[in-house]
Each structure stands twice: as structure tokens, then as C-alpha cells.
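# A structural walkthrough
These are the residues of each chain, in order.
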Amino acid sequence: MVIFKKLRKLTVLHYLSQLLCFTLDTLPYSIRVLFESSVRNCDGFLVKETDAMNILDWKTKQNNVEVPFCPARVVLQDFTGIPAMVDFAAMREAVRNAGGDPVKVNPACPTDLTVDHSLQIDFSKCAIQNAPNPGGGDSQKPMAKLSPLKAQPRKLPCRGQTACKGPCSAGDSSRNSGQFSAQIENTPILCPFHLQPVPEPETVLKNQEMEFGRNRERLQFFKWSSKVFKNISIIPPETGMAHQVNLEYLSRVVFEVKDFLYPDSVVGTDSHMTMVNGLGILGWGVGGIETEAVMLGMPVTLTLPEVVGCELTGAASPLATSIDIVLSITKHLRQADVAGKFVEFFGSGVSQLSVADRTTIANMCPEYGAILSFFPVDNVTLKHLKYTGFDKAKLEVMEAYLKAVKLFRNDESSSREPEYSQVVQISLSSIIPYVSGPKRSQDRVAVNNMKSDFQACLNEKSGVKGFQIAVEKQNDIVPVQYEGNEYKLSHGCIVIAAVISCTNNCNPSVMLAAGLLAKKAVEAGLVVKPYIRTSLSPGSGMVTHYLSSSGVLPYLSKLGFEVVGYGCSTCVGNTAPLPEAIRNAIKQGDIIACGVLSGTKNFEGRLCDCVRANYLASPPLVVAYAIAGTVRIDFETEPLGTGFNGKSIYLRDIWPTRKELHTMEEECVISSMFKELQEKMEKGNKRWNLLEAPESTLFPWDLKSTYIRCPSFFDKLAKEPVSPQLIENAHVLLYLGDSVTTDHISPAGSIARSSAAAKYLTNKGLTPREFNSYGARRGNDAVMTRGTFANIKLLNKFIGKPAPKTIHFPSGQTLDVFEAAELYQKEGIPVIILAGKKYGLGSSRDWAAKGPFLLGVKAVLAESYEKVHKSQLIGIGIAPLQFLPGENPSTLGLTGREQFSVLFPPELSPGMTLDVKTSTGKVFSVIALFENDMEITLYKYGGSLNFVARRFL
């Protein structure tokens, strides 16, 4: 009844009769959430009554109208969160300078920022890396306080556990000891790591120490933000990843504010935000620029989407994990062309999926292009919430409310299903195990075809799958000495195997499957070659808890999958360097080395520049491939290795059954784990609690800082919108092809020593050991501008090979992209970018728009765009222009060496056509991809930041 009171307050009582009518019953559940939000937030300005009526008439209005959506909350992660908070700090400064009150600059929407992306693996397995990247980099030199890195003794006593048997007997390489199984049986659960030269707790603590040391400046800024800004909370490092914390701790399902109930919903800067769709919470990832606008009370604007109903039937094969289901659904939905659409799941198969399965499936929706993938709340959801700490009274209120407003899905076969734009049917029983790769997540490979598919990749021409290795070199073997033993590397050899933070850790079954497989492997006598860079980076302490309490964690550690810390690591390119001998051997033999990881991103060169083939796989398959040591294996006919007594061990011999996993999950994944996680989040950690930070209204910018800098976005704060200016005689800064990702545009990994950003940091007195990563330095616009288009795999057609280079046409010089852009700006010459299809693919990343803007890019001219990135370009003030259907630079005879002029009319309108004239006299038309009047307004103001800042004046 609360919602009905709100309706009367908004004088839209005439909606009431329609709320309970047949029309609402036929709406998809996700559209019902949009409708509820529009009614509740209707103010006649940002959200109008016509918006609510358009949503209610979804069946005829889909794809034809723009509608606003006001999410209940915002979630940030630190890589994209720090530029957002730096912008807020800069906005306070700008508002003060313009005569406004800076204290008024606060988030209007509840915001949570999780510090989770700064973890790097400096310590892993049983050794301290030879060349860690301790980072840091200000005048205080915080890393100087850390103990020097030395070779560790091979025998270490256990640290204080009373039941421990004393020092390790590690002299004969503990990972290869045949007596390990017997030792584990008698090892206390709290001390399974003393058998390793560097115990897991020490590994975690050392990585934490490095993280706080190298990121002290950023963390102090976050601490200041938590003190001075209202309506924001900072979740400190070592708590968990943003999407994991969002799922386990921040999600409400139903909000209750002063006895007023409304559905939980969220937008955030993490591409995995859709994970909460599995809990029945509408949410998706947007760019940092849009997120900042939402934080300040503006709605997200979207085209009223088509909703694709995905009907799941049947039951999955016992060998198929949630990842197999995810990849199968990814393939089907990519083929169904769901880009820019909502996906909603229904059918008898939905009730057979746990919430953990659902969240894993929903998490992958950005990879198949959908805005979100929604599982409405049902009895399975309520049962899950009961085990995760929701009290009975709250669950009863939640259920009653959701049923009253028709947001509860009845899983009985007799219940009426909503009407959808189209229906995709998927039989779970047809799903078999798959991996994805070697370069793109959408390229699925059946595990039983992996060996032949990799062979085909060696033969294919260089491209999205091929490596073009000469036939006579495909069986080359390169011997290498490592730790006193000789090993042989060949094409397909695995050198990185990572069970990492994203996608899988929310699902106990796949993580426990990896642990149980490791247990059976160790008991059978199987080992992992020591040069393979193995790691286990859990999403939260809960994952470590259930792996430990189930007894499988020490077996994972025995195979090298040792806990390295909590946060994104390998996934964002923060893996430790490969051993030098292995790197040299790979380069010497031009070996196609492989990485296997249980994540969502496998772009070429993302994990390591010398690892050219990367495969996404389920956690148990990551362990299995690490044991095999190669992807050129047929698991059906070839053994993983030789166990005790020379016996050949096959995958089927150690693969856990569903019954084993179900029993282990019931015993280990219990409500107390969620309670423990909540307590950990509320208490914070000692380092964070002791961290000092200023408390001034305005942030005291340190001009010497290489981490935090006041950006220049507000230097020309516009009080009134202006007509779009002519882009005249612009040179092409870059001529790019298809599928240019936000990783190509604004990399998040390490800073190459020869890059423009490295030169800047060197001039500031930093050594390469102190560079840290681009992701860690997103609060410094000088570093990020120099890092724009600095990805080593960037393929600029002007250059003809992968390199972060371009041509400065007035001088004819080949330069770093930043250096060329800097010259153009000094000469007063505007620049544009030419690109192919799907420009801006991948994770939402605000610096992928901010960086080009600061390079002087006025427009991007592409065949098509990733929707979120297109919105980000508009939000920063760059015009997204699109070739007419069937046209591209080649068909138009463009070389990119021409100069381009784009004439904007005094008044823009959504989707209008503009003329482009080149210096050669050619004239062609393009589409200005402004979808609504709000986007045009933002572009006229010079972006959303300036538009929002003016509201405080």
C-alpha cells in the first residue's frame, strides 16, 4: 500500500487502476521495475508522467522512446571510483571559484566505493618474485619503510599454531612430495600452509603490505572522501571485489526508507554490476561520467529496450559447470543479437538454478552485449536470502511487497509468463563443457575439440583466432632450465593458470569443484610444473572460508594455487612477471604460450605481453589444464599425467560428481559465512582504520603528487549551453579497425618503460619500480592522458603493426600517440579518430573517453559503437559520428591522411545526418549518434560534468 500513497502524492492516481490490470501482468518483470521507478520519482522535470505512461505502453513503445531511470544506489570500484571522486573534489573547487558553496557538492544518491582493483601479485606460490613492482611514487617514498626483498629460507617454522608439527621439510620441493596426502590428513585446518616455504597468511600479508605502501596516497584521498562527502561509504582494501561485495553485502532486494518500500536497483562503474540481476535486482554497468551524474541526482537515460525472453528448459549435464552454462548462453544470445537489449530468464529450467548459478550467468551479460540479464525474485531467491542472514520478518515483508506490486515470479507451471519482444529457447541438457579463446570470450571451443582447435589456430592467418605459424615450426620444442631441472616448451604450453576474482567466486559449486579436483589430483600423485604462474585470488574472505572449512584449500596450495590476496589481479593485467628463463625461451622459439583463467576477459596480451593465447575456463578446468601443462590435449583419450606407481591418470578419474559437490556445498556454504563477512566489512581493517587523512572541505592538492591531480575538466565551466562548433580541417590521430576495446584506448595494466607516461613519471623522479599501474593512477590526468592509446597491442593502420604509435602528418614524424596529439594541440589543429565496427568494446571505462578528450579529439567516426562507450563520449564532449549503413573508410576511398571538416547546424536533433568534407574535395554523410534531447544538451554544455556543476552555482 505504500506505493499507492506515493502515487497519490504525485497526483497520478489514475495510474492505480492500471497498476493491477492485465497490462502490467504482461509486462516483463524488468520493465515493471522501470515503471515503478518512474512513478516513484516523477517530478515533472527529470521524470515526467509521459515517461511512466510510455513504459506502461512498453509493447508498442519499445525502441521508439527514451525513458529515465533513477536507480536506488550507486556502486564504484576504485579504478573508476578515484577519477569520479577526484572530479567531485575538483567540482567543489570550481564551484567555490565561481562563487558557489562547495559544501553543497555531495552525492545525492547513496554511493558505495569498494577499493578492490589495486591488488597486484608481488608474492605467489612458494617464492618471492625476483622483480616485484612495489609501485608508490611521491616525495614521501612510503615503500622505503618496507623490508628489502630477499631470498627466503627453504625451511620456515609455522607461526604459532599449537597443533602444528613444526618446520617444513621443503628441501625436496614440497610441491612434488608423494607423502603430501598423509601430511594433510593430520594438519590442522588453520595451518595447512606451513608445508609451503611461504605460508598463505604470509603471502596475503606481504601482498597487503605492498598494496598499502604503493597506494597510500590514493587511500588517503579515499579516506578524506569518506570524511567530507555525505551519502558515500568507502569499503577498504582486502574486503572483496566491488561486484562480490555488492552481491553479498550491499544488496537489499527491497529498500525500506522511513517505512517506505521500493525495489533495490543499482548502476555502477564495474562491468560486472549485472551480477546482482541474479538476485532479482535491476542493475548494470555504466561509464564513470554517467555514474557521477547519477550520484548527483540525475537519472540514467536509455532507449526503452526490447526484452528478450530466454526460456531455460531441462537439466545440465553433470560435467557442465555454471561457466559452461554461461558460455553456452553467451553463444546463443550473441547469435540472437541482444546488444542494447534486456534479457529476462523464464521457464522450468530457471527453478533448477541456484542463485549462485544465476549470478554467474547474469555476470556475463556484458560479454554478449545485453544491457542486463534479469532473474526475477522467486522462491529460490527467498531461500537463498534466508541462508545469507535476512531475518524471517524482513523476508515476509519483502515477499508480501513484491507480490503486491507484481514483481515476484511464481515458478509454478500454471503461472502466466510475460510477453517478450522475442524468445530464445535453450535446453540445459544440451550443454557440454566449453572454454573460450584464444583471443575473444565469444569464441567458444568444446573441451573435447580443444586440441584440434588450437592446431587450427596455429594454421590460420593472424587475426581474431589465428597465429599463422609455419607448418614446419608447429612442433618446435625449446628446452629451458628452471630451478635445476630441464623442461620443454612448445606451442600450447601453459605458463599462467589463474583462478581469479571475477565471475566464479560467487558460485561455491565451481570453486569447490576446483578444490575437490585438486584434492583428488594430489591424492593420485599429480603435480603442476613449477614454472607455471599459478594463483588463487578469491573474491572475498567467504570464498577462502569455505575452501578452508571444506578441507580442499591445502590441496589447491599444493598444486601452486595459493591465495595471493583479495581483489582483481590477473584479470586486469596485474599478474606477476613470468620467470626470466621462461620468458626468454618463449621469445627465442616464438612459442605460442597460453594462459588459462576463470575470468571474463582474454584479450591478446592482457595477461602478459609474451602470452599470446588466453583461454577462459571454469575453475576446475583451470586446475586440470595446469596439471596437463598444455592445451594440446584430448582429455578423453590422453592422461593428465602419471601418478603414483606410474599409473596414467585421466580427467574422468578425478572429476568431482554433482553429488559430491552438492554435499560439500551444503556443509560448507552456510549463513555464518555471510555473517562473518558482514562483520569484517563493518569493522574494516587495522591498516585502514589507522590511516590518517585531512578533513578540510576542499582537498589540499599536492602539486608534487603523481597520483592525485586536480583535472582540467572545469577550467571552462559553461554557465549556458553553446551551439556546437565547426570541426574544421581536422587531422586523423588514429585510423583503427574493428573491435577496438576500452583496454586498447585506456589500458589498466602496467606502465611500459618506453611509454609517454613512463617518461613523465621518470621526470618526476620515480624509478620504474615505482610506476605502479595505469589503473592505480587514474586520479592523475597527466598520467592517464599519456596512457591513452598506449596499449602495446593497439593496431593503427598508419603504422601497420601493433604499437602505441601514430604519424604526425604536418611533420611526417612517427611518434607516441600522446606526443603527436600534443604537437597537434600546440599547432591549434583539431583531431578525430577513424574506426571500424564495435568501437569501445569491453569494460566501461571513463578514461577511454576522458583521455581522448584531453588529447584534443573532437569526434570519433566509426562504423558502430559499444553503447556505454558512445554515451561516455557524449558525456565528456566528444561527438560520436557513424558512417551510413554499408559505408566505411574503404568503401568511401578514404586513406585517413586527408583533413576532415564537420559542419554542425545551430540546432541539433536526435539521429540527424551531418555532412563531412575532406581536403581532397570528397563529401559524405554521417549520423550524429545523439539519441535524445538530454544527450544533445550535455554535448552543448561540454559534457555532463559541466552540466551538473552548473546546478550548484
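Everything in this summary refers to the structure shown in the same document. What you see is a predicted model, and the numbers here were worked out from it, not measured in a lab. (Residues numbered from 1 in each chain as written. Predicted model: local features only at pLDDT ≥ 70, side-chain atom pairs only at ≥ 80, totals over all residues. Heavy atoms only, no water.)

## Quick notes on the packing of aromatic side chains
Our working rule: Two aromatic rings from Phe, Tyr or Trp, using only the six-membered ring of Trp, form a pair when their centres are within 6.5 Å; if the ring planes differ by under 30 degrees the pair is stacked, by over 60 it is edge-to-face, and anything between is tilted. Here a strand is any run of E in DSSP of at least two residues, a helix any run of H or I of at least four, and the numbering for each starts at the N terminus. Each residue is placed in one exposure class: buried if its accessible area under a 1.4 Å probe, protein chains only, is under 20% of its type's maximum, exposed if it is over 50%, and partly exposed if it falls in between. When the NZ atom of lysine or the CZ atom of arginine is within 6 Å of a ring's centre and also within 35 degrees of its normal, the charge is said to sit over that ring.
On inspection of all chains with the given rule, the structure shows 24 aromatic pairs. Look at Phe88 and Phe229: their rings are 5.8 Å apart centre to centre, the planes differ by 85 degrees, and that puts the pair in the edge-to-face class. Of this pair, Phe88 sits in helix α7 (residues 78–97) while Phe229 sits in the loop between α10 (216–228) and β6 (232–235), and the two are 141 residues apart along the sequence. For the pair shown, Phe88 and Phe229 are each scored as buried. When the ring centre of Trp688 is taken as reference, the NZ or CZ atom of Lys223 above it lies at 5.2 Å.

## Overview of the packing of helix α18 (residues 508–524) against helix α19 (residues 541–549)
The test is simple: In this analysis, axes come from line fits to C-alpha atoms, helices being fitted only over the stretch in contact, and the angle between any two N-to-C directions falls in the range 0 to 180 degrees. Oblique is the label for any angle not covered by the other classes, which are roughly parallel (under 35 degrees), roughly antiparallel (over 145) and roughly perpendicular (65 to 115). Take the far helix as your reference; a near helix turned counterclockwise from it by less than a right angle gives a left-handed crossing, and one turned clockwise gives a right-handed crossing. Any two residues whose heavy atoms approach within 4.5 Å are treated as being in contact. Residue type decides the class: Asp, Glu, Lys and Arg count as charged, Ala, Val, Leu, Ile, Met, Phe, Trp, Tyr, Cys and Pro as nonpolar, and the leftover types, Gly among them, as polar.
Here α18 crosses α19 at 45 degrees, and the two axes come no closer than 10 Å. Viewed along their axes, α18 and α19 adopt a mutual orientation that is oblique. In the crossing of α18 with α19, the sense of the turn from one axis to the other is right-handed. Across from Pro508, Met511 and Leu512 in α18, the residues of α19 making contact are Val543, Tyr546 and Leu547. The class makeup of the residues in the contact of α18 with α19 is six nonpolar, no polar and no charged.

## Structural notes on the pattern of salt bridges
Heads up, the rule is: Each reported salt bridge corresponds to a side-chain nitrogen of Lys or Arg within 4 Å of a carboxyl oxygen of Asp or Glu.
This model, assessed by the stated rule, comprises 31 salt bridges. The residue Lys850 makes a salt bridge to Asp87 at a minimum N-O spacing of 2.6 Å. Here Lys850 is found in helix α31 (residues 847–854), whereas its partner Asp87 is found in helix α7, with 763 residues between them in sequence. Judged by its relative accessible area of 0%, Lys850 falls in the buried class. What makes Asp87 buried here is its relative accessible area of 1%.

## Some remarks on the nonpolar core
We count it as follows: Here, the term nonpolar core denotes a set of buried Ala, Val, Leu, Ile, Met, Phe, Trp, Tyr and Cys residues that are joined through side-chain atoms within 4.5 Å.
Grouped together as the largest cluster of nonpolar side chains are 182 residues, with contacts concentrated most on Phe221, Trp284, Leu733, Phe789 and Tyr839. For this core, the element with the highest residue contribution is α7, accounting for 10 residues. Residues Val445, Val480, Ile591 and Ala628 belong to the second largest nonpolar core, which totals 82 residues.

## Observations concerning the sheet that holds strand β9 (residues 265–268)
Going by this rule: Two strands qualify as a pair provided that DSSP identifies no fewer than 2 bridges between them.
One open sheet accounts for five strands, arranged β6-β3-β2-β9-β10; its pairing is parallel. Pairing within the sheet leaves two strands with one partner each, and these edge strands are β6 and β10 (282–285). Across the sheet, the axes of successive neighbouring strands diverge by a mean angle of 20 degrees, strand direction being ignored. The pairing of β9 with β10 spans four bridges and is classified as parallel. Within β10, the residue paired with Val267 across the bridge is Trp284.

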